[in-house]
Amino acid sequence: MNPTLLAVVTLAAVLFCIGLVGVLIRRNALIIFMCVELMLNAANLLFVAFAWAHGGLDGQVAAFFVMVVAAAEVVVGLSIIVAVYRARRTTSVDVPDALRL
Amino acid sequence: MEIGTLTFDATGLYQYSWLLIAIPALSALLLLTFGPLFDRKAHWLGVFASCASCGYALALFYAMLRTGAAERAVDVPVAEWISAGSWTVSFGLQIDQLSILFALLITTVGSIIHIYSVGYMADDPRRRRFFAYLNLFIAAMLLLVLADSYLTLFVGWEGVGLASYLLIGFWQHKPSAAAAAKKAFVMNRIGDLGLTMAMFSMFAWCGSVSFADVFAKVDGIDPGWVTAIGFFLLLAACGKSAQVPLQAWLLDAMEGPTPVSALIHAATMVTAGVYLIVRSNAIYALAPVASVAVVIVALVTIFVGAWIGCSKDDIKKVLAGSTMSQIGYMMLAAGLGALIGPVAYAFAIFHLLTHGCFKANMFLGAGSVMHATDGDVDMRHFGALRKALPVTFLTFACGYLAIIGIPPLAGYFSKDHIVEAAFEYHLGVGLAALIGAGLTAFYMTRLLVMTFFGKARWVEGVHPHESPKIMTIPLILLALASIGAGVALNAWIIDWMAPISAVAGETHAVSWMPTPIGIATLATVALGVLAAIWLFGRCEVPSTPPQTKNPLVIVGRRDVFGDVINDTLVVKPVMALSTAADVVDQSGLDRMWNGLGKGTLALSQLTRKVQTGRVRSYALVTVLGALLVGVLLLIGQLG
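Residues numbered from 1 in each chain as written. Chains lettered and ligands numbered in written order. Predicted model: local features only at pLDDT ≥ 70, side-chain atom pairs only at ≥ 80, totals over all residues. Heavy atoms only, no water.

**Focus: the overall build of chain B**
Alright, step 1. What chain B contains, in helices and strands, is 26 helices and two strands.
Alright, step 2. Seen through its principal axes, chain B has C-alpha atoms that stretch 120 × 70 × 60 Å.
Alright, step 3. A buried classification covers 54% of the 639 residues belonging to chain B.
Alright, step 4. For chain B, the accessible area works out to roughly 26,700 Å², and carbon and sulfur atoms hold 70% of it.
Alright, step 5. Within chain B, the 36 negative side-chain charges are centred at a point lying 13 Å from the centre of the 38 positive side-chain charges. (Helix = DSSP H or I, 4+ residues; strand = E, 2+ residues; numbered from the N terminus. Buried < 20%, exposed > 50% of the residue type's maximum accessible area, 1.4 Å probe, protein only. Areas by Shrake-Rupley, 256 points an atom, 1.4 Å probe, with all protein chains shown as cover. Lys, Arg positive; Asp, Glu negative; His and termini not counted. Charge placed at Lys NZ, Arg CZ, Asp CG, Glu CD.)

**Some words on the packing of aromatic side chains**
All names here are of chain B.
Alright, step 1. Across all of its chains, the model carries 19 aromatic pairs over all chains by this definition.
Alright, step 2. With 6.4 Å between their ring centres and 90° between their planes, Tyr-150 and Phe-215 make a pair best called edge-to-face. Placement of Tyr-150 in helix 6 (residues 150–168) and of Phe-215 in helix 8 (residues 211–217) is noted, with a sequence separation of 65 residues between them.
Alright, step 3. Tyr-150 gets classed as buried once you look at its relative accessible area, which sits at 0%.
Alright, step 4. A relative accessible area of 23% means that Phe-215 is categorised as partly exposed.
Alright, step 5. Geometry around Phe-185 places Arg-189 over its ring, the cationic atom sitting 4.2 Å from the centre.
Alright, step 6. The ring of Tyr-329 carries Lys-415 above its face, with NZ or CZ at 5.3 Å from the centroid. (Phe/Tyr/Trp six-rings, centres within 6.5 Å; stacked < 30°, edge-to-face > 60°. Lys NZ or Arg CZ within 6 Å of the ring centre and 35° of its normal.)

**Thoughts on the interface of chain A and chain B**
The figure often quoted for interface size is the accessible area lost as the parts come together.
Alright, step 1. Contacts between the two partners involve eleven residues from chain A and, on the opposite side, eleven residues from chain B.
Alright, step 2. Our count for the chain A to chain B interface comes out at zero salt bridges.
Alright, step 3. Counting across the interface, chain A meets chain B through one residue pair in polar contact (both at pLDDT 80 or more).
Alright, step 4. Per-element tally for the side of chain A that touches chain B: the top contributor is helix 1 (residues 3–25) of chain A, with four residues.
Alright, step 5. Here the residues of the side of chain A that touches chain B sort into seven nonpolar, no polar and four charged. (Contact = heavy atoms within 4.5 Å. Salt bridge = Lys/Arg side-chain N within 4 Å of Asp/Glu carboxyl O. Polar contact = N/O pair within 3.5 Å; in protein donor to acceptor, adjacent residues only side chain to side chain. Nonpolar A, V, L, I, M, F, W, Y, C, P; charged D, E, K, R; others polar.)

**Quick word on the pattern of salt bridges**
Here the idea is simple: oppositely charged side chains can pair when their charged atoms come close.
Residue and element names in this part refer to chain B.
Alright, step 1. For the structure shown, the criterion picks out nine salt bridges over all chains.
Alright, step 2. Among the salt bridges present, the one from Lys-183 reaches Asp-563, with a minimum N-O distance of 2.5 Å. Of this pair, Lys-183 sits in helix 7 (residues 175–206) while Asp-563 sits in helix 25 (residues 562–607), and the two are 380 residues apart along the sequence.
Alright, step 3. According to the relative accessible area criterion, Asp-563 is partly exposed, its value standing at 29%.
Alright, step 4. Among the ionic pairs, Arg-446 bridges to Asp-313, the shortest N-O distance being 2.9 Å. Highlighted residues: Arg-446 in helix 20 (residues 427–452) and Asp-313 in the loop between helix 14 (288–311) and helix 15 (315–340), separated in sequence by 133 residues. Residues Arg-446 and Asp-313 agree in their burial class; the two are buried.

**Looking at unusual backbone geometry**
Most of the time, phi is negative for any residue but glycine, and the peptide bond is trans.
Residues and elements named next belong to chain B.
Alright, step 1. Of note, the amide linkage connecting Val-244 to Pro-245 takes the cis form, showing an omega dihedral of 10°.
Alright, step 2. Relative to the helices and strands, Pro-245 is located in the loop between helix 9 (223–241) and helix 10 (248–252).
Alright, step 3. You will see that Asp-374, though not glycine, has its phi angle at about 55°, which is positive.
Alright, step 4. A residue is classified by how much of its surface remains accessible, and Asp-374, at 60% relative accessible area, is exposed.

**Here's the deal with the state of the cysteines**
All names here are of chain A.
Alright, step 1. Summed over the entire model, instances satisfying the criterion amount to zero disulfides over all chains.
Alright, step 2. Cysteine Cys-17 shares no disulfide, and the gap to the nearest cysteine sulfur, in Cys-35, comes to 12 Å.
Alright, step 3. The exposure class of Cys-17 is partly exposed, given its relative accessible area of 44%. (Disulfide = S-S within 2.5 Å.)

**Considering the domain arrangement of chain B**
Alright, step 1. In terms of domain boundaries, chain B breaks down into domain 1 (319–548) and domain 2 (567–638).
Alright, step 2. Inter-centroid distance (C-alpha atoms) of domain 1 of chain B to domain 2 of chain B is 74 Å. (Domains from an automatic or database assignment.)

**Section: the packing of helix 5 (residues 127–146) of chain B against helix 11 (residues 258–267) of chain B**
A pair of packed helices is characterised by two quantities: the angle between their axes and the separation of those axes.
Residue and element names in this part refer to chain B.
Alright, step 1. Contact geometry for helix 5 and helix 11: axes closest at 12 Å, N-to-C directions at 5°. As judged from the angle between their axes, helix 5 and helix 11 are roughly parallel. For the pair formed by helix 5 and helix 11, the contact residues are Phe-130, Leu-134, Phe-137 and Ile-138 on the first element and Pro-259, Val-260, Leu-263 and Ile-264 on the second.
Alright, step 2. The residue inventory of the contact of helix 5 with helix 11, partitioned by class, reads eight nonpolar, no polar and no charged. (Axes fitted to C-alpha atoms, helices over the stretch in contact; angles between N-to-C directions. Parallel < 35°, antiparallel > 145°, perpendicular 65-115°, else oblique.)

**A closer look at the packing of helix 12 (residues 272–279) of chain B against helix 16 (residues 343–372) of chain B**
Residue and element names in this part refer to chain B.
Alright, step 1. Interaxial distance between helix 12 and helix 16 falls to 10 Å at its minimum, and their mutual angle equals 160°. Relative to helix 16, helix 12 is oriented roughly antiparallel. Between helix 12 and helix 16 lies a crossing of left-handed hand. Touching Val-274, Ile-277 and Val-278 of helix 12 are Tyr-345, Ala-348, Ile-349 and Leu-352, all from helix 16.
Alright, step 2. For the contact of helix 12 with helix 16, the class distribution of residues is seven nonpolar, no polar and no charged. (Left-handed = near helix turned anticlockwise from the far one by under 90°.)

Structure follows, in structure tokens:
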């Protein structure tokens with residue numbers, strides 16, 4: 001494998017794992033949200049890297065799609081977080097339990 | 001059918017013969033819907049409808065008398081009823097010698113009883129409804145006898161069943177009347193099953209249920225099936241005509257108002273079974289086994305009816321037992337029709353007509369007695385009523401002499417023919433019919449003696465008084481019919497009926513002098529009368545039924561175990577079956593479905609714990625799921 005590509009894939013894997021661990025262990029909704037973005041961008045990085053390696057454009061286009069979807073998701077997600085904060089004065093994901101059994 | 005030979009008027013009469021049925025039906029509808037607008041005079045509409053129908057029947061009869069014998073039977077198509085593909089059922093009326101006699105009996109006796117009811121029901125707040133039901137009955141009964149197919153007949157058959165149900169239970173505030181109505185209805189359903197099965201069989205073999213088609217194709221039916229149809233029709237006749245084993249409802253039917261007992265449960269509806277068998281003579285001609293069954297049923301019923309008549313103290317139930325017994329005679333003649341010659345069918349109809357007159361006469365007489373004694377029916381509370389109710393007594397006596405067969409009253413001619421026909425068939429059957437005649441004389445004399453003779457045993461506060469003219473005039477009319485019907489019809493009816501029973505040319509000696517068998521019958525009757533006078537006329541009748549160890553009396557008082565047999569054979573098994581079904585339902589099916597529900601609930605209690613509501617554990621599950629998918633894909637690639 002191309003050493004540059006290997007380095008980029010390794011970087012992406014590390015970024016993804018950081019994001020994943022962040023999602024699983026942090027309680028602050030904003031941090032979790034940023035970690036999710038990190039995972040998305042790790043995926044984007046792979047798209048772009050493999051597109052560059054194979055000389056195709058599909059991956060580049062896919063990366064744009066992911067960015068657009070992520071932007072939309074940020075709008076929805078942030079507004080939920082703001083709404084929850086207004087109602088409960090907290091951004092912890094463990095405190096809201098109205099849907100809990 | 002070609003009816004060009006008739007005069008114009010007669011054609012018109014035939015063509016509009018559906019008016020016979022439509023007039024009382026319309027009147028019933030009006031009385032039930034718009035009746036409250038003219039409640040106090042409503043009964044006169046009922047009387048008028050019945051009389052109008054009677055007038056039409058008389059006109060039709062006159063027109064038939066004036067036409068030749070060959071053109072008398074006319075099929076009048078009225079409308080197409082059911083049309084499905086190539087198969088159609090038309091709604092038509094058959095005006096012939098048999099149906100016109102029935103129509104005359106129904107409308108004349110019906111009109112007389114309508115008039116009587118105006119007086120009898122005068123104090124009843126629901127009199128309008130009563131007349132509506134009576135009109136409904138007249139319409140349904142006319143439809144029954146004028147129908148030209150079994151299906152149309154069946155509509156009338158059910159219609160009279162409905163009218164009978166409504167009228168037996170007319171005093172619905174009495175639980176006994178409501179129960180009696182239900183009993184009559186349910187027992188009649190068993191008979192109806194026979195009629196429907198007969199229709200199904202006919203349809204399967206002939207592709208049609210109209211009289212003309214079935215009788216034309218009856219030769220082509222498998223002999224076993226002809227016999228089966230004969231038995232099905234016999235079952236139907238047993239239900240409607242209260243013959244053993246479906247006899248028990250008739251006694252309870254006496255819960256209805258007395259005019260109802262006279263019209264429906266003596267003169268007309270209960271004879272529908274006889275009509276059915278006489279009408280189906282082409283079938284019985286090919287089914288001798290079924291005919292023998294008719295004879296056996298008839299003989300058993302003659303004795304069961306007489307037995308009940310001998311032992312009851314309720315005047316209406318004695319008359320009901322007597323009705324069963326007399327219909328037994330008609331059935332006997334109807335059964336003999338196929339065995340000794342179709343002339344017996346004419347005898348059956350002859351006895352049916354005379355019986356319709358004298359039994360209606362006696363029932364109305366009993367109603368007059370009840371009217372005089374505040375509705376009492378126990379003969380042990382009567383006695384010596386002949387002075388208090390002279391008109392009732394004299395008219396009742398006419399009916400009495402007619403039913404026991406004293407010449408020259410109606411019953412003498414009609415019953416004598418049947419006894420002679422029975423002897424012609426078999427000595428044993430003849431002797432049974434003879435003894436039955438003696439028993440008739442016995443129980444009727446007992447009734448007469450206990451009611452009108454001896455010392456007064458009236459309940460305190462009862463002051464018997466003669467009924468008003470509106471009740472006595474119908475009694476007198478029916479008494480005249482009881483006296484004259486036999487002489488008037490004796491020689492004529494056999495010729496008249498000849499085309500129906502297909503005995504053209506056959507002559508049957510009708511002598512005015514009693515034959516040896518006739519003399520024997522008279523002697524038996526005299527014996528029965530004397531025995532009854534000996535037993536009940538000499539000493540005082542106790543006003544409560546005496547304790548007795550005589551098994552005959554005990555069995556008779558319990559209706560020859562009619563109810564017990566029904567209970568053990570039908571009611572209890574059905575109840576046991578429903579109880580068993582209930583147990584299976586409760587402990588089997590219900591438990592199964594309830595258990596399934598509970599199981600689902602328990603399972604959900606387990607799985608709902610997965611829903612913790614913690615976002616991070618959901619995230620963890622998602623990650624693990626993704627890992628699992630990834631691992632599986634990887635294994636798939638490697639394999």
